[in-house]
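Now for the letters of each chain:
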Amino acid sequence: MINSVNNISSLSVTRDLAGVDLGKSTNSAAESAASDGGFAAVLNNVATGAVNSIKNAESMSFAGIKGTATTREVVDAVMQAQQTLQTAIAIRDKVVSAFLEVTKMQM
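Rules used throughout
Residues numbered from 1 in each chain as written. Predicted model: local features only at pLDDT ≥ 70, side-chain atom pairs only at ≥ 80, totals over all residues. Heavy atoms only, no water. Helix = DSSP H or I, 4+ residues; strand = E, 2+ residues; numbered from the N terminus. Buried < 20%, exposed > 50% of the residue type's maximum accessible area, 1.4 Å probe, protein only. Contact = heavy atoms within 4.5 Å. Expected span 1.5 Å × (residues − 1). Axes fitted to C-alpha atoms, helices over the stretch in contact; angles between N-to-C directions. Parallel < 35°, antiparallel > 145°, perpendicular 65-115°, else oblique. Left-handed = near helix turned anticlockwise from the far one by under 90°. Nonpolar A, V, L, I, M, F, W, Y, C, P; charged D, E, K, R; others polar. pLDDT = per-residue confidence, 0-100.

S.K.: I keep staring at the overall build of the protein chain and nothing clicks. Help me out?
M.R.: Summing up its helical and strand segments, the protein chain has four helices and zero strands in all. Of the regular secondary structure in the protein chain, the N- to C-terminal order runs α-α-α-α. When burial is assessed residue by residue, the protein chain has 15% of its 107 residues classed as buried. Contacts in the protein chain between residues at least 24 apart in sequence constitute 60% of all its contacts with a sequence separation of at least 6.

Structural data, given as structure tokens:
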């Protein structure tokens, strides 16, 4: 049973994101906006922070299962990830709403 708990990280949903480099973009416009501190850089930072928060909550959950983290630490990490996810969803909804409003404008 303990060996199964030690190997539970193989079930990680976000482990496939470890190879993804969220800080690099192939779009030159996004790179120039990131260097200027523009809107694309802000969205990139928010997305990177959200992914990191969710990864932290996941690793804390596994640490709690293994017994190396307290219940309080696990709950704090999971609640922070939940708040981050709700914020990301709200930002996404506002961006989509703004896009739809721009597309409805007459030229």
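Let us keep going from here.
S.K.: Where do I start with helix α4 (residues 71-104) in this structure?
M.R.: Owing to its 3.6 residues per turn, the α-helix brings residues three or four apart onto one side. With 34 residues, α4 ought to run about 50 Å at 1.5 Å a step, and its terminal C-alpha atoms sit 49 Å apart, in line with that. Those residues of α4 that sit buried are Val-74, Ala-77 and Ala-81.

S.K.: For this particular structure, what's the right way to read the packing of helix α3 (residues 39-66) against α4?
M.R.: Each pair of packed helices can be described by the angle between their axes along with the distance between the axes. Between α3 and α4, whose axes approach to 8 Å, the crossing angle comes to 150°. Relative to α4, α3 is oriented roughly antiparallel. Handedness of the crossing formed by α3 with α4: left-handed. Listed contacts from α4 to Leu-43, Val-46, Gly-49, Ala-50, Ser-53, Ile-54, Asn-56, Ala-57, Met-60, Ser-61 and Gly-64 of α3 are Glu-73, Val-74, Ala-77, Val-78, Gln-80, Ala-81, Thr-84, Leu-85 and Ile-91. Class assignment of the residues belonging to the contact of α3 with α4 gives a composition of twelve nonpolar, seven polar and one charged.

S.K.: Quick question: what am I supposed to make of the environment of Val-74 here?
M.R.: By the secondary structure assignment, Val-74 is in helix α4. You can call Val-74 buried: its relative accessible area is 17%. Separated by 13 residues in the primary sequence, Val-74 and Ser-61 have C-alpha atoms spaced 5.7 Å apart. Apart from residues no more than four positions distant in its own chain, Val-74 is found in contact with Met-60, Ser-61, Gly-64 and Ala-69.

S.K.: Help me out: how do you make sense of the confidence of the model for the protein chain in this one?
M.R.: If pLDDT is low for a region, its predicted coordinates should not be looked at in detail. Averaged over the protein chain, the pLDDT score is 76; the fraction of residues at 70 or greater is 66%. For the protein chain, per-element mean pLDDT is lowest for helix α1 (residues 2-6), which scores 46, and highest for α4, which scores 93.

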